[in-house]
Every structure is written in C-alpha cells, then in structure tokens.
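Here's the letter readout for the chains.
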Amino acid sequence: MSAFRDGLFDGRTVFVAGGTSGINLGIARRFAELGAYVAVAGRNPEKARAAAESIGRGAEGFSCDVRDYEAVRGVLERIHSARGPLDVVVSGAAGNFLAPVAGLSSNGFRTVVDIDLNGTFNVFKGCYDLVRKPGASLIAITAGQAVNPMPFQAHACAAKAGVNQLVRVLAMEWGPEGIRVNGLSPGPIAGTEGMARLAPTREIADALASRIPLRRFGEISEVAESAVFLSTSSAAYITGTILDCEGGSQLGDSRPRL
Ligand code: HXC
Ligand code: NAP
C-alpha cells in the first residue's frame, strides 16, 4: 500500500538512466503512475522503446550509453528542450557479474567502474544546468557492497563506493542551489537481473534470504516507493544521504546463534 497520492508528480519531469529494465524501470513506472512525464534510457533502443510502451502515460525511451558523456548530454538536452527543467534524475545504469580478481581482466574491472561510477558522473554532470533550481532531486542507485565488501565483487564494490562518495560531494557542491543529491541502496531484490547474477540458484537465494532480518528479498515496488519518497517535499531537508532499502540485510547474518 503506497503512502503517496495520485497526481503527486503531475507536471513533473523525471529521467531514469538505466530505466529500461528491473529496479530502475519500476522506479520510472511509479513516477509515471503518480503523474510525471518519464523518460528512460538504456543502450538497447528496442528495449528502451518497449520499456516506455510498458510504462505508458506518454513515457519515452531513449538510447545512449552512460559511458559516453556526449550521448548522455544529448538525451538530456532533448528532454529539456521538449519539457523544460528536469525535476528528478535517477542514475541507475549498472553492469555486474561474479568474478574473482584473479579471473578479472583490467578491462573487466574498468568496464563496471565505467558504467556505474563514470556513468553516474556523466548523468549528474550532464543534467546539472538542466534541472529545476531549487527543487531538483538527484538519486544514484547504489548498493550495500559500497560499504560492506563482498568476494568476487571487487569491481562493483569499488564502483559503488565511488558512487556513494560522489553523491556526498555533489550534495555539498549543489546544495546551495537547491539541488538535493542522494543515494538509494537496494538490498537483494526479487526478480531482477542483478540477483540472477549474484544468486543464480534457488538454494543460494533461499540461503541468502534466511540471513536477512526481514527474511525475504525486497520487491521492485518497495525500492520505487523509496525513490519517490526522496523526491517529495517530505524529504526536503534530506541530501547527501544513502537510503538503505534492504530489509536490514547489511546488518549482517541475523540468524540466531550462540
Ligand atoms: C569475468 C567478465 C565477465 C565475467 C564480462 N567480463 N563478463 N570477466 N567474468 N562474468 C569482462 C569481459 O571479458 C571484458 O574483458 C570486459 O568484462 C567487458 O566485457 P564486454 O562484454 O565487452 O562489456 P559490455 O558489452 O560493455 O557489457 C558490460 C557487462 C555486461 C557489465 C559485461 O554484463 C552488461 O552489459 N551488463 C548489464 C546488465 C547487468 O549487469 N545488470 C546487473 C546489474 S546488477 P576483456 O578483458 O575480456 O576484454 C548490479 C547488482 C549490484 O549491479 C549489487 C552489487 C554491487
Ligand atoms: P538491470 O535490470 O540489469 O538494469 C540495468 C539497466 O541499465 C538496464 O536498463 C540496462 O539497459 C542499463 N544499462 C546497462 N549498462 C548501460 C550503459 N552502459 N549505458 C546505459 N544503460 C545501461 O539491473 P537491476 O538488477 O534491476 O539493477 C538496477 C540497479 O540497482 C543497478 O544500479 C544495480 O547496481 C542496483 N542494485 C540492484 C540490486 C538487485 O538486487 N538487483 C541490488 C543492489 C543494487 P541496456 O542493457 O539496454 O543498456
């Protein structure tokens, strides 16, 4: 049951980088349900078109690679020309796979850092002069691995740690202009590409869920509600924070033990 009322985002413009599948698509969909014009972007143009169609309500899909600053900037300028200042910008594009450092090439490490961290820089830098001031809400989708290390995730851990620190610095630099910048850190979310990669079997997924304080994976819709919250007036004094939406999973293994 959502705490947010219909029409809350009427007339607002929302851009979601990486919004063509999974968690980010769920975030985009929720903003659209609440009345916003929503634009989603990913590398694959057909996937972007299908995502926008699935959202409906006038949503549009764009194709760009977040590793390419000019391409990102071009999409943001098109949205700004058609709609005016952007109210919410979500940077959620990411790449990940399980690999020990011994089996990870320099290019493999660089690729994930390039998508997650440099991509977030490109999205936020690219939108800076195009967002509503004051009032804009910028959200980077991060992960608990930014803080708690995880084997076979050196690339993603390093990239997301950088994302968290970028969020904090931008909150300081852009706060005076009324731009809020926050991170949103999902835990294991059911039915996503990320969990298919990190917990590829039912056994691994069940074992992981049994350690989480809330004893289950999260739902995409629950992360979407958190993204909406960060962009409402109820969060007007929240900036530079990382909001965990993860059932307590980063607290550690919560099974009873001696
Ligand atoms: C080791 C691998 C690898 C693997 C790719 N590489 N997969 N190395 N183990 N399983 C290496 C390749 O060999 C190559 O290095 C380099 O990475 C780049 O690979 P490409 O396939 O050329 O890259 P690209 O086409 O740009 O694709 C990026 C990708 C891909 C990240 C590799 O998986 C992708 O597009 N992912 C997007 C979807 C996704 O990952 N969703 C999950 C996000 S979930 P060499 O040296 O051979 O050239 C998530 C969970 C967060 O982020 C929770 C934890 C932080
Ligand atoms: P997903 O479905 O794989 O979504 C990734 C999105 O990013 C897609 O829209 C993809 O579209 C796009 N993308 C990937 N590389 C891109 C690039 N170089 N340029 C532009 N777009 C790119 O992933 P998810 O599992 O839902 O994860 C979404 C976010 O949540 C990520 O930031 C992830 O790190 C974070 N997260 C997920 C979990 C989880 O449980 N799944 C947990 C913690 C954090 P294209 O392939 O068309 O480019």
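The model shown is predicted, which means the values in this text are computed figures rather than measured ones.

Q: I'd love a proper account of the packing of helix α1 (residues 22–33) against helix α8 (residues 220–230), names of residues and values included.
A: Axis separation between α1 and α8 bottoms out at 8 Å; the angle between their running directions is 55°. Judged on the interaxial angle alone, α8 and α1 are oblique. The two elements α1 and α8 cross, and the hand of that crossing is right-handed. Facing α1, whose interface residues are G22, I23, G26, I27, R30 and F31, α8 presents I220, V223, A224, E225, A227 and V228.

Q: Could you give an account of the nonpolar core, with specific residues and numbers?
A: Inside soluble globular proteins, nonpolar side chains tend to come together where they are buried. Counting 33 residues, the largest nonpolar core has F15, V89, F124, L138 and V181 as its most contacted members. Mapped by element, the contributors of at least two residues to this core are β1 (13–17), β2 (37–42), α3 (69–83), α4 (106–127), β5 (137–141) and α5 (154–174). Counting residues per element, this core draws most heavily on α5, which supplies six residues. The contacts of V181, once residues within four sequence positions are left out, are F124, L138, V167, L170, A171, W174, T239, G240 and T241. One finds V14, V38, A51 and I141 within the second-largest nonpolar core, a separate group that totals 30 residues.

Q: Could you give an account of the site of ligand 1, naming the residues involved and the relevant values?
A: Near ligand 1, the surroundings consist of 22 residues, among which R43, N96, S105, N107 and R197 are the closest. Within the contact set of ligand 1, an oxygen atom lies 2.8 Å away from a backbone nitrogen or oxygen of N96. Residue N107 places a side-chain N or O atom 2.9 Å away from an oxygen atom belonging to ligand 1. Looking at the shell around ligand 1, the elements with two or more residues in it are α4, α5 and α6 (193–198). Split by residue class, the shell around ligand 1 holds seven nonpolar, 10 polar and five charged.

The rules we used
Residues numbered from 1 in each chain as written. Chains lettered and ligands numbered in written order. Predicted model: local features only at pLDDT ≥ 70, side-chain atom pairs only at ≥ 80, totals over all residues. Heavy atoms only, no water. Axes fitted to C-alpha atoms, helices over the stretch in contact; angles between N-to-C directions. Helix = DSSP H or I, 4+ residues; strand = E, 2+ residues; numbered from the N terminus. Parallel < 35°, antiparallel > 145°, perpendicular 65-115°, else oblique. Left-handed = near helix turned anticlockwise from the far one by under 90°. Contact = heavy atoms within 4.5 Å. Core = buried A, V, L, I, M, F, W, Y, C linked by side-chain atoms within 4.5 Å. Buried < 20%, exposed > 50% of the residue type's maximum accessible area, 1.4 Å probe, protein only. Near = heavy atom within 4 Å. Polar contact = N/O pair within 3.5 Å; in protein donor to acceptor, adjacent residues only side chain to side chain. Nonpolar A, V, L, I, M, F, W, Y, C, P; charged D, E, K, R; others polar.

Remember that the coordinates give geometry; whether it matters functionally is a separate question.
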